[in-house]
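So you can see what is in the structure, the chains are spelled out below.
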Amino acid sequence: MEERHESELAQSARALDDVDRALERLSEGVYGSCETCGAPILEADLAADPTRRVCEQHLALGPERGHQEPVPAD
Ligand SMILES: [Zn+2]
């Protein structure tokens, strides 16, 4: 039933969610720290993307790689 490609609405909803999370992190006092390793995120990067949640290293790994993926036993 779900469309594979995102509608503009879905994209907007996700952008809102990013802002929401950024505000949450601000209130928790962890804004500007990588949520995976806790390293400080560069100010220039935050200026470019205020909703940024991971450091450069983890950004390179992809935005949603914070969790462990199960390794298939082979
Ligand atoms: Zn990191």
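For the structure, see preceding data.
### A short note on the side chain of Arg-53
Examined against the element boundaries, Arg-53 turns out to sit in the loop between helix 2 (43–48) and helix 3 (56–61). Using a relative accessible area of 11% as the deciding quantity, one classes Arg-53 as buried. Looking at Arg-53, its side chain comes within polar contact range of the side chain of Asp-18, at 3.0 Å.

### Comments concerning the side chain of Asp-45
Turning to its location among the elements, Asp-45 is positioned in helix 2. According to the relative accessible area criterion, Asp-45 is buried, its value standing at 18%. Setting aside chain neighbours within four positions, we find Asp-45 in contact with Arg-52 and Glu-56.

### Focus on the pattern of salt bridges
Enumeration over the complete set of coordinates arrives at five salt bridges. Asp-17 is the partner of Arg-21 in a salt bridge, and the nearest nitrogen-oxygen pair spans 3.6 Å. Of this pair, Arg-21 and Asp-17 both sit in helix 1 (residues 8–28), separated by four residues, roughly a single helical turn. Exposure remark for Asp-17: the relative accessible area of 34% places this residue in the partly exposed category. Close ionic contact of Glu-35 with Arg-53 constitutes a salt bridge, the shortest N to O distance being 3.4 Å. Of this pair, Glu-35 sits in the loop between helix 1 and helix 2 while Arg-53 sits in the loop between helix 2 and helix 3, placing them 18 residues apart in sequence. Given the relative accessible area of 43%, Glu-35 is considered partly exposed. Through salt bridges with shared partners, one network takes in Asp-18, Arg-25, Glu-35 and Arg-53.

### Details of the coordination of the zinc ion
Coordination of the zinc ion by the protein is provided by Cys-34 (SG), Cys-37 (SG), Cys-55 (SG) and His-58 (ND1), with metal-donor distances spanning 1.9 to 2.4 Å. Between the four donor atoms coordinating the zinc ion, the angles at the centre fall across 104 to 116 degrees, so the site counts as tetrahedral. Between consecutive donors of the zinc ion, the numbers of intervening residues give the motif C-x2-C-x17-C-x2-H. A residue pair is termed long-range when its members are at least 10 positions apart, and Cys-37 in the loop between helix 1 and helix 2 and Cys-55 in the loop between helix 2 and helix 3 qualify at 18 residues. A relative accessible area of 43% places Cys-37 in the partly exposed class.

Cut-offs applied
- Residues numbered from 1 in each chain as written.
- Predicted model: local features only at pLDDT ≥ 70, side-chain atom pairs only at ≥ 80, totals over all residues.
- Heavy atoms only, no water.
- Helix = DSSP H or I, 4+ residues; strand = E, 2+ residues; numbered from the N terminus.
- Buried < 20%, exposed > 50% of the residue type's maximum accessible area, 1.4 Å probe, protein only.
- Polar contact = N/O pair within 3.5 Å; in protein donor to acceptor, adjacent residues only side chain to side chain.
- Contact = heavy atoms within 4.5 Å.
- Salt bridge = Lys/Arg side-chain N within 4 Å of Asp/Glu carboxyl O.
- Donors = N, O, S within 2.8 Å, 3.2 Å for Na, K, Ca; no water.
- Tetrahedral: all angles 85-135°; square planar, octahedral: opposite > 155°, others 65-115°.

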